[in-house]
Structure formats: C-alpha cells, structure tokens
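The lines below spell out each chain.
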Amino acid sequence: MSKNPTRKITVRVSPQTAYNLELLMAMSGSKSVGRVIDKLVRDRMLALKGHKEGR
C-alpha cells in the first residue's frame, strides 16, 4: 500500500455543518470527517470541471 502525500489542516465549520458531516460520515461508513470532506471536494471539483468544459 503506497503512502499518499497528505497535509494536515484545520477546518472551522458551524455546528449544523459539523452535525451534517457526522451524518454523512455515518452514512458512508467513512472512518473520519476528513474523508467525507475529501470526497465532497473531489465530487465538486469534477462537477465544476465538467461544467467548464461544457461551454
């Protein structure tokens, strides 16, 4: 298993967002909220790239 380069960051969110991230974590079976954030960012970036190319 190769080690991916990672960077530790701190994210400040509202209590409602934290609650929703924890719900998404439970629904997806992820081990941490950070993995949920990674997935959301990846999905959003792919959506934006597809939108930009569709012009």
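Above: the structure in question.
Now for a look at the structure at hand.

Calculation rules
Position labels on residues start from 1 in each chain and follow its written sequence. Since the coordinates come from a predicted model, pLDDT governs what is reported: local features require at least 70, and pairs of side-chain atoms require 80 or more to be given and counted, while whole-chain, interface and lining totals use all residues. By convention in this description, side-chain values take in all heavy atoms of the structure and omit both hydrogens and water. Helix and strand assignments follow DSSP, with helices taken as H or I runs no shorter than four residues and strands as E runs no shorter than two, numbered in order from the N terminus. Only the protein chains shown count as covering a residue, and every accessible area follows the Shrake-Rupley method with a 1.4 Å probe. To count toward a patch, a residue needs a relative accessible area over 30% and no salt bridge; like charges are then connected within 9 Å, while nonpolar side chains (Val, Leu, Ile, Met, Phe, Trp, Tyr) are connected within 5 Å. Definition used for salt bridges: Asp or Glu carboxyl oxygen within 4 Å of a side-chain nitrogen of Lys or Arg. Each residue gets one of three labels from its accessible area relative to the maximum for its type: buried under 20%, exposed over 50%, partly exposed in between, using a 1.4 Å probe on protein chains only.

Describing the overall build of the chain
Inference 1: Each helix and strand counted, the chain has two helices and zero strands in total.
Inference 2: Here the chain displays about 5700 Å² of accessible surface, and carbon together with sulfur accounts for 56% of that area.

Describing a nonpolar patch on the surface
Inference 1: A surface patch of nonpolar side chains, amounting to about 520 Å² of accessible area, comprises Tyr19, Leu23, Leu24, Met27 and Leu40.
Inference 2: The greatest single-element share of the nonpolar patch, amounting to four residues, is contributed by helix H1 (residues 15–28).
Inference 3: Topologically, Met27 is positioned in helix H1.

With respect to the pattern of salt bridges
Inference 1: Applying the stated criterion to the full structure yields one salt bridge.
Inference 2: In this structure, Asp43 engages Lys39 in a salt bridge whose closest nitrogen and oxygen atoms are separated by 3.3 Å. One end of the pair, Asp43, and the other, Lys39, are both in helix H2 (residues 33–53), four residues apart, so they sit about a helical turn from each other.
Inference 3: Taking relative accessible area as the criterion, Asp43 reaches 40% and is therefore assigned partly exposed.
Inference 4: When its relative accessible area of 46% is taken as the criterion, Lys39 is described as partly exposed.

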